[in-house]
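Descriptive structure summary
So you can see what is in the structure, the chains are spelled out below.
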Amino acid sequence: MPAVVTSTTPTLRGVGLTKTYGDGSARRAALKAVSIDLRPGELALLMGPSGSGKSTLLAVLSGLLEPDSGQVLAEDEGELRDVWAMTGKQREDYRLRTTGFVFQGYNLFPALTARQQLEIVLKWGGYAGGSEARRRADEMLDKLGLAPNRHKKPAYLSGGEKQRVAIGRALVKDPSFVFADEPTSALDWENGQRVMELLRDAAHDRRASILVVSHDHRLMPYVDAYYHLEDGHLEERGRG
Ligand SMILES: Nc1ncnc2c1ncn2[C@@H]1O[C@H](COP(=O)(O)OP(=O)(O)OP(=O)(O)O)[C@@H](O)[C@H]1O
Ligand SMILES: [Mg+2]
């Protein structure tokens with residue numbers, strides 16, 4: 001793993017997070033008192049077997065899925081805020097301003113072109129509108145090798161192109177926190193490397209805190225920290 005200068009103060013901290021799905025005999029603990037610190041300028045990798053709770057942890061940390069217990073503390077506008085103590089409206093506003101999320105299933109808007117998918121998050125987050133939003137959207141699509149696909153809606157994009165649009169949508173607003181659930185799963189190695197370089201730049205150059213879920217060991221050279229989740233328990237396995 002490459003050496004990188006990072007601040008020791010975490011910008012996002014999960015403390016004692018638990019999450020159980022189902023009732024009665026179907027009850028299943030996906031997270032069992034998981035704690036994790038995400039630091040500014042750091043790209044962290046989360047690995048673990050299928051069904052071990054990786055997507056659940058990403059959803060809880062990003063403010064999408066409420067934990068049964070535990071806290072998610074995030075630095076926002078200079079103060080540490082408890083994400084799950086916010087009202088729904090405050091959390092939605094916080095997420096739009098601070099967080100980029102790449103869903104395992106992409107979750108693109110079917111009616112919007114690639115360019116519009118990126119423009120809309122810049123507008124919603126209050127970052128940019130009009131020609132400035134278009135310029136930033138096109139610049140990000142270029143970096144992802146998607147310039148020729150700008151005007152296509154998801155139904156006309158390949159799986160790997162959709163995945164790259166989803167990554168562009170998460171990164172275009174330069175968020176403080178990025179959560180990416182298997183962001184390279186549909187990509188050939190060349191495009192996978194391109195995506196990892198963009199994620200690494202977002203961390204190292206723009207001081208974002210990034211957590212990537214993947215099964216791909218080839219991503220290891222790109223990351224600063226590495227976690228393993230198994231049976232709801234998290235372990236830190238390495239730090240650059
Ligand atoms: N909405 C849900 N209702 C009930 N059980 C769920 C729900 N979502 C996830 N689970 C269960 O919780 C466990 C953890 O799921 P999760 O999706 O977090 O795993 P994962 O590590 O992301 O797996 P994968 O690598 O296959 O994506 C699994 O056993 C899953 O079946
Ligand atoms: Mg998953």
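See the structure shown above.
The text that follows walks through the structure, step by step, so that each part is easy to find.

Reading guide: rules and limits
Residues numbered from 1 in each chain as written. Chains lettered and ligands numbered in written order. Predicted model: local features only at pLDDT ≥ 70, side-chain atom pairs only at ≥ 80, totals over all residues. Heavy atoms only, no water. Core = buried A, V, L, I, M, F, W, Y, C linked by side-chain atoms within 4.5 Å. Buried < 20%, exposed > 50% of the residue type's maximum accessible area, 1.4 Å probe, protein only. Helix = DSSP H or I, 4+ residues; strand = E, 2+ residues; numbered from the N terminus. Contact = heavy atoms within 4.5 Å. Salt bridge = Lys/Arg side-chain N within 4 Å of Asp/Glu carboxyl O. Polar contact = N/O pair within 3.5 Å; in protein donor to acceptor, adjacent residues only side chain to side chain. Axes fitted to C-alpha atoms, helices over the stretch in contact; angles between N-to-C directions. Parallel < 35°, antiparallel > 145°, perpendicular 65-115°, else oblique. Nonpolar A, V, L, I, M, F, W, Y, C, P; charged D, E, K, R; others polar.

Right, let's get into the nonpolar core. Among the nonpolar cores identified, the biggest contains 40 residues, and Leu43, Leu171, Leu199 and Ile210 are the most heavily contacted of them. For this core, the secondary-structure elements that each account for two or more residues are β3 (42–47), α3 (114–124), α4 (130–143), α5 (159–171), β7 (177–181), α6 (189–204) and β8 (209–213). The element best represented in this core is α6, accounting for 6 residues. In contact with Leu43, other than residues within four places in its own chain, are Met196, Leu199, Arg200, Ala203, Ile210, Val212, Tyr222, Val223, Asp224 and Ala225. Counting 26 residues, the second-largest nonpolar core is a separate cluster that includes Leu12, Leu17, Val34 and Leu46.

Inspection of every chain in the model, using the stated rule, returns 19 salt bridges. Notably, a salt bridge pairs Arg218 with Asp216, separated by 3.3 Å at the nearest N-O pair. A salt bridge links Glu235 to Arg237; the nearest nitrogen and oxygen atoms lie 2.8 Å apart. Taken together, the shared-partner salt bridges in this structure form one network comprising Asp76, Glu77, Arg81, Asp93 and Arg97.

On the secondary structure map, Ser52 appears in the loop between β3 and α1 (54–61). Taking relative accessible area as the criterion, Ser52 reaches 5% and is therefore assigned buried. In this structure the side chain of Ser52 is engaged in a polar contact, spanning 2.7 Å, whose partner is the backbone oxygen of Pro49. At a separation of 3.3 Å, a polar atom in the side chain of Ser52 contacts the main-chain carbonyl oxygen of Leu229.

So, about unusual backbone geometry. Here Ala33, not a glycine, exhibits a phi torsion of approximately 50 degrees, which is positive. Following the sequence through the fold, Ala33 ends up in strand β2 (residues 28–38). Ala33 gets classed as exposed once you look at its relative accessible area, which sits at 53%. Of note, Asp231 is a non-glycine position whose phi angle comes to about 55 degrees, a positive value. One can find Asp231 in the loop between β9 (225–230) and β10 (233–239). Judged by relative accessible area, Asp231 falls into the partly exposed class, the value being 46%.

Turning next to the packing of α5 against α6. Viewed as axis vectors pointing N to C, α5 and α6 meet at an angle of 5 degrees, and their least axial separation amounts to 12 Å. Taken together, the axes of α5 and α6 lie roughly parallel to each other. For the pair α5 and α6, the contacting residues are Arg164, Ile167 and Leu171 in the first and Asn191, Arg194, Val195, Leu198, Leu199 and Ala202 in the second. In terms of residue class, the contact of α5 with α6 is made up of 6 nonpolar, 1 polar and 2 charged.

Don't take any of this as a statement about function, it's just geometry.
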